[in-house]
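Per-entry structural report
Listed here are the chains, written in short residue letters.
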Amino acid sequence: MKRTPKKLPSLANGFLCLVMEYILQRIKTLNEYCVICDEKHVFECSLLKPCVCTRTLCVFSFQTLGVMADAAEAIATDSDVVDLLIAMANAAVCSSRKDVIFDPYPSIVDPRNPSLLALDSKNKNHDQVQKIMRVIVGCRQAAIEGKGTHLKADMDRQNSCAFPLMQWILASNRSHIVLLPPERRIVSMKTQYQFLMVSSPPAKEHAFQKAKSSHGSIYAFHGSAIENWHSIVRKGLLNASGTKFQMHGAAYGKGIYLSPLSSVSCGYTRGNYGKVQEDQQCKGLVGRNNLICMALCEVISHEIKKSGDIWVCPVEDHVCTRFFFVYEGSGNATNVDTRNSDTQKEINRAVSIRRMLKATTT
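This section reports on the structure supplied with the text. (Residues numbered from 1 in each chain as written. Predicted model: local features only at pLDDT ≥ 70, side-chain atom pairs only at ≥ 80, totals over all residues. Heavy atoms only, no water.)

1. Comments concerning the pattern of salt bridges
Operational definition: By definition here, a salt bridge exists when the distance from a side-chain nitrogen of Lys or Arg to a carboxyl oxygen of Asp or Glu is within 4 Å. Secondary structure elements follow DSSP: runs of H or I of four or more residues count as helices, runs of E of two or more count as strands, with numbering from the N terminus. Note on exposure labels: buried denotes an accessible area under 20% of the residue type's maximum, exposed denotes more than 50%, and partly exposed covers the range between, all computed with a 1.4 Å probe on protein chains only.
The tally for this structure, following the rule as stated, stands at 11 salt bridges. As a salt-bridge pair, Glu227 and Arg97 come within 3.2 Å of each other at their nearest N and O atoms. Taken as a pair, Glu227 in helix 10 (residues 226–235) and Arg97 in the loop between helix 4 (79–93) and helix 5 (98–101) lie far apart in primary sequence, 130 residues in all. The buried category is assigned to Glu227, whose relative accessible area is 0%. Given the relative accessible area of 15%, Arg97 is considered buried. For Arg157, the salt bridge identified is with Asp154, shortest N-O distance 2.2 Å. Pair noted here: Arg157 and Asp154 are both in helix 7 (residues 151–158), with a separation of three residues, about one helical turn. Owing to a relative accessible area of 60%, Arg157 belongs among the exposed residues under this scheme. It is possible to trace a salt-bridge network through shared partners that takes in Glu205, Lys212, Glu298 and Arg322.

What follows is the structure in structure tokens.
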């Protein structure tokens, strides 16, 4: 989507009308600007959540002075959401493709010397991030098992940058992610890790609904390696065909690859991340390197290229994530067909719940 520039309305109708017009204009595009400096984000993307940009002064203000920290804390509060975001970041920075997919790269102020950046997006050091991530994963797992005393204190003792990096992982997430309670899950997906995932800003969602009213919509799965989701939840689901982000071939054309069958999308979830810290007895999502991730997307029916059970949508704005599913190993993934009438009933029920959850958490 094209960015909307800021512009001051005319004073012709009076000052109060000017203020109201400006507020209405900005509300629709707040996600495109830094919450501190109010300048456009350095990276090109248009997602739901506002966040702090990567400029040094804004990073310092957010991390050291706590500017807008209260707003960032609301982005991810559920423990499973926290663990999911940590697992995504860990997989990305441990991947053989980390130079491409660990993006955006964090900017972290050095707690021992606030005038310096311990992690700088202009001078990337993936080995250092991997070292810090091992501390985060270890302390988080200890907290889950009840062995830790205080998460921040435990992290600070091992690496002073661990807690600031975890804060960045949570605050830089620009998608709305909420764990679905047991009574509201899609039963046929057969996993306890089911999340509401909404990433479209109001302008994109409005355009999507307008296209939907003209052409209708269908539901399909999109599978991608967990290492890729670190970038996706911050930049959106993009058409990677012909770009450095492409992992698989484009035999069926350029676009976002989808399928009505979860088993087909599951085939696209295998990653290239290296050995990460993992305990086979660990609880929850953090610390595992065998996670399978799939999104259930709503797709505008118009212009989809269908080749059997492989569908390709060439228009990015015609694909919106709605739900997200995580499995521990591909052997546990289920086979669901969105064209099945019973599955459609389950999805429609979940969609009504999605609207209710979104209304109560925004």
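Structure shown, so let's carry the discussion forward.
2. What to know about the sheet that holds strand 5 (residues 217–223)
Rules: For two strands to pair, DSSP has to find at least two bridges joining them. Note on geometry: axes are C-alpha line fits, over the in-contact stretch for helices, and angles between N-to-C directions span 0 to 180 degrees. By the convention used here, residues are in contact when the closest approach between their heavy atoms is within 4.5 Å.
Strand order in the open sheet formed by five strands is 3-4-10-7-5, with antiparallel pairing between adjacent strands. Where the open sheet ends on each side, the last strands, each with one partner, are strand 3 (176–179) and strand 5. Neighbour to neighbour, the strand axes of the sheet diverge by 20° on average, direction disregarded. Summarising the sheet, strand 7 (residues 291–300) and strand 10 (residues 319–328) pair through nine bridges and their orientation is antiparallel. Within the sheet, the bridge partner assigned to Val299 lies in strand 10 and is Val319. Sheet strands touched by helix 4: strand 3, strand 4 (193–198), strand 7 and strand 10. Its angle to strand 3, the strand with the most contacts, is close to 125°. Of the strands in this sheet, strand 3, strand 4, strand 5, strand 7 and strand 10 touch helix 10, which is tilted by about 45° from strand 7.

3. Considering the environment of Gly138
Checked against the element boundaries, Gly138 lands in helix 6 (residues 126–144). For Gly138, a relative accessible area of 26% corresponds to the partly exposed category. Separated by 149 residues in the primary sequence, Gly138 and Gly287 have C-alpha atoms spaced 7.6 Å apart.

4. Details of the packing of aromatic side chains
How two aromatic rings sit relative to each other is set out by the distance from centre to centre and by the angle between their planes. This is how it is decided: Stacked, edge-to-face and tilted labels apply to pairs of Phe, Tyr and Trp rings (six-membered ring for Trp) whose centres lie within 6.5 Å, assigned for plane angles under 30 degrees, over 60, and everything in between, in that order.
For the coordinates displayed, the defined rule picks out three aromatic pairs. For the pair Phe102 and Tyr105, a centre-to-centre distance of 5.8 Å together with 85° between the ring planes defines the contact as edge-to-face. Judged by relative accessible area, Phe102 falls into the buried class, the value being 2%. Look at Trp229 and Phe324: their rings are 4.8 Å apart centre to centre, the planes differ by 75°, and that puts the pair in the edge-to-face class. Remark: Phe324 occurs in strand 10 and Trp229 occurs in helix 10; sequence separation between them is 95 residues.

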